[in-house]
Amino acid sequence: MGEKLTHAMESHTAFEIKLFGFTIPVSDLVVTMWIIMAVMIILAIFLTRNLSLVPNKKQNIAEIIVEFINNLVKDAIGPHHWKAFAPYIGTVLLFLVLANTVSIFNIIPGGEEGFKLRPPARNINVAICLAIMSICVVIYAGIRYKGPGGWLKSFVKPTPVMLPFNILDYVIKPTSLALRLFGNILGAFIVMELIYMALPIFAPAVISLYFDLFDGILQAYVFSFLTSIYISEALE
Amino acid sequence: MTGTSIIAIAAAIAAFTGIGAGVGISLATGKAVEAIARQPEAAGSIRTSLLLGAALAEATAIYGLVVALVLVFLKMG
């Protein structure tokens with residue numbers, strides 16, 4: 001049982017790209033993320049085709065999503081600068097919503113050893129990448145809207161004694177973002193795998209409503225919400 | 001005692017961080033419910049700060065979980 005669980009937790013090489021004599025292994029995490037990206041791009045093109053002043057059915061769906069993201073960012077960042085950050089935060093939110101709930105779309109019969117759709121954030125490298133992207137946006141926001149001088153000055157505010165703590169802030173924020181996402185997704189993933197092993201009939205369907213859907217969407221929301229809170233802190 | 005059982009006990013102790021996170025989140029939720037009961041029109045902004053506080057409190061439990069998982073899967077495997 002432990003071996004099965006470890007096998008499900010680890011990332012595996014899905015295929016290898018041979019290029020100029022080098023062999024580049026591509027893991028199943030990357031393939032899963034490519035699938036998610038393809039789904040997002042196709043959905044975006046499909047939902048925004050033939051836009052009209054009087055919205056039809058699919059335009060309504062697109063407008064609800066965009067409105068929700070705009071309101072989330074506007075509430076957190078404030079009415080002045082939210083427009084510059086809404087696309088990034090919306091992209092991360094939609095990507096994470098799909099990425100964290102991807103294991104419920106696992107309808108391809110792949111067997112135990114084959115390729116399966118599993119949430120990519122169960123690997124800490126994916127979570128750290130997303131957190132580093134977020135902290136880069138926070139630094140960009142500080143430099144862009146305060147100027148380089150004003151941004152450097154913000155390190156010694158309110159008093160110069162706070163300098164080390166302000167520098168530590170830029171390390172602690174991405175660490176806690178990454179660990180929160182990774183821990184939650186991995187924890188929920190392990191619980192679900194254990195339930196698949198112990199009670200394979202009926203129970204997984206009910207319990208995955210909480211662990212896959214609710215927890216995944218909540219963590220995606222918390223990640224993008226905290227990112228926008230950090231951006232608004234950098235803008236102050 | 002064998003090494004494996006000591007690791008299991010260590011992982012169990014690491015999971016005790018959940019107590020603190022549970023108390024923290026329940027305190028925050030209780031206060032938020034009180035605040036919404038007193039001022040229902042401020043429910044939106046209370047909800048956002050509640051989510052933020054719950055996410056921060058929950059992070060401590062997650063650190064414990066990560067430590068326990070690392071102990072179990074890296075040391076035993």
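Residues numbered from 1 in each chain as written. Chains lettered and ligands numbered in written order. Predicted model: local features only at pLDDT ≥ 70, side-chain atom pairs only at ≥ 80, totals over all residues. Heavy atoms only, no water.

### What to know about the overall build of chain B
At step 1: Of regular secondary structure, chain B possesses 3 helices and 0 strands.
At step 2: Going from the N terminus to the C terminus, chain B shows its helices and strands as α-α-α.
At step 3: Relative to a compact globule of 77 residues, whose C-alpha radius of gyration would be 11 Å, chain B shows 18 Å and is clearly more extended.
At step 4: Its C-alpha atoms give chain B principal-axis dimensions of about 60 × 20 × 10 Å.
At step 5: Classification of the 77 residues of chain B by burial places 23% in the buried group. (Helix = DSSP H or I, 4+ residues; strand = E, 2+ residues; numbered from the N terminus. Rg over C-alpha atoms; globule rule 2.2 N^0.38 Å. Buried < 20%, exposed > 50% of the residue type's maximum accessible area, 1.4 Å probe, protein only.)

### Side note on the packing of helix H2 (residues 28-47) of chain A against helix H4 (residues 82-100) of chain A
Residue and element names in this part refer to chain A.
At step 1: Contact geometry for H2 and H4: axes closest at 10 Å, N-to-C directions at 120°. As judged from the angle between their axes, H2 and H4 are oblique. Between H2 and H4 lies a crossing of right-handed hand. Here Met33, Ile36, Val39 and Met40 of H2 come into contact with H4, specifically with Thr91, Leu94, Phe95, Leu98 and Ala99. (Axes fitted to C-alpha atoms, helices over the stretch in contact; angles between N-to-C directions. Parallel < 35°, antiparallel > 145°, perpendicular 65-115°, else oblique. Left-handed = near helix turned anticlockwise from the far one by under 90°. Contact = heavy atoms within 4.5 Å.)

### Digging into the UniProt feature "transmembrane region" (unreviewed entry) in chain B
At step 1: Mapped onto the present numbering, the UniProt feature "transmembrane region" (unreviewed entry) falls at residues 6-29 and 50-74 of chain B.
At step 2: Across residues 50-74 of chain B, helical content stands at 100% and strand content at 0%; the span's end C-alpha atoms are separated by 35 Å. (UniProt positions renumbered as here; feature names shortened; annotations may be inferred.)

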